[in-house]
Amino acid sequence: MPRRWTTTAAVAVLALAALACESGGGGIGQPSPAPPASPSVRPGLPAAMAAIGDSISTGFGTCLLLSDCQRNSWSTGDGLRVDSHYRRLLAANPAIRGNGHNEAEAGARARQLAGQATSAVNDGADYVTVLIGAMDACRSRIEDMTEVTQFRAEVDRALAVLKQGRPKARVLVISLPDLYRLWEIGHSDTQAVRAWNRGICPALLANPTSTAAADVSRRSVFRARIDAYNKQLVAACRAYGSRCRHDGGAVHRVRFSLDMLNRLDYFHPDVDGQNKLAEVTWAASGLTG
């Protein structure tokens, strides 16, 4: 081998060795740089969730028709228009993707809740939201409303199904919205009255413009029944134990406007209303970190 080539090669090797030592990277005896850390997932977040309850949780009326629109549910919705509990959890825990189950049913009353709870157990839900009672009060007549003791018994029955089937699951019980406020803000609105006269929640909204004593009394009894249901929801959650949280009346305190109701029945929340429900209930969920 020619001396010139040998000398040049030796110099090149020494230069590379010096450069490696100065940079501190990858030299013999030097540790390799650590790979970038992957985003951490907060432990304890649910990998599956379910919603049980009535049409409020099915996103009813948030699309073009008076029908379920689960993608806009405040609880399990996976659409882009509502920042639901499911979407908030998905951002923090990708393991929940595809595991947001909506077992709620339009028109459901407390007596249907245990069956929905069974479905939530079969879903393997680690987190269950419960919103029930509006349809127990929204009957044709005041006399047809679910009795308070029966309402409580049905809620307890459903919670017992969850506790037995998914004892480690978190349960969030939601207070009923202030349905009386519907009448307060809408009885002077022509469009709302026209919608209600098609038979929307007659126990509260029949004869919405009437000031007759019988109608005033009926609305007062309805309002008291909602308050009674809310007290029972608090007590049922407390009896369940530490895995159950109540929203502390957050939903009932929402001072919603007509702009937060859909324009088809002026009863169910629209997308803005669903977002508001998601916001106030998420704060109460205990999952915010």
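Before going into details, it helps to say that this report is about the structure given with it.

Calculation notes
Residues numbered from 1 in each chain as written. Predicted model: local features only at pLDDT ≥ 70, side-chain atom pairs only at ≥ 80, totals over all residues. Heavy atoms only, no water. Phe/Tyr/Trp six-rings, centres within 6.5 Å; stacked < 30°, edge-to-face > 60°. Helix = DSSP H or I, 4+ residues; strand = E, 2+ residues; numbered from the N terminus. Buried < 20%, exposed > 50% of the residue type's maximum accessible area, 1.4 Å probe, protein only. Lys NZ or Arg CZ within 6 Å of the ring centre and 35° of its normal. Axes fitted to C-alpha atoms, helices over the stretch in contact; angles between N-to-C directions. Parallel < 35°, antiparallel > 145°, perpendicular 65-115°, else oblique. Contact = heavy atoms within 4.5 Å. Nonpolar A, V, L, I, M, F, W, Y, C, P; charged D, E, K, R; others polar.

1. Details of the packing of aromatic side chains
In this structure the tally under the stated criterion is 2 aromatic pairs. Considering the side-chain rings of Phe151 and Tyr229, the 4.2 Å spacing of their centres and the 20° angle between planes classify their relative orientation as stacked. Of this pair, Phe151 sits in helix 5 (residues 148-165) while Tyr229 sits in helix 9 (residues 213-240), placing them 78 residues apart in sequence. We note that Phe151, like Tyr229, is buried. Ring centres of Tyr180 and Trp183 lie 5.7 Å apart, and the angle between their planes is 40°; this geometry places the pair in the tilted category. Here Trp183 and Tyr180 lie together in helix 6 (residues 180-186), a separation of 3 residues that amounts to about one turn. In this pair, the class of Tyr180 matches that of Trp183, namely buried. The side chain of Arg181 reaches across the aromatic face of Phe256, ending 5.7 Å from its centre.

2. Brief notes about the packing of helix 2 (residues 85-92) against helix 10 (residues 271-284)
Orientation of helix 2 relative to helix 10, taken along the N-to-C sense of each, is 55°, at an axis distance of 9 Å. Classed by the angle they form, the pair helix 2 and helix 10 counts as oblique. Taking contact as the criterion, the partners of His85, Arg88 and Leu89 in helix 2 are, on helix 10, Ala278, Glu279, Thr281 and Trp282. Classifying every residue of the contact of helix 2 with helix 10 gives 3 nonpolar, 2 polar and 2 charged.

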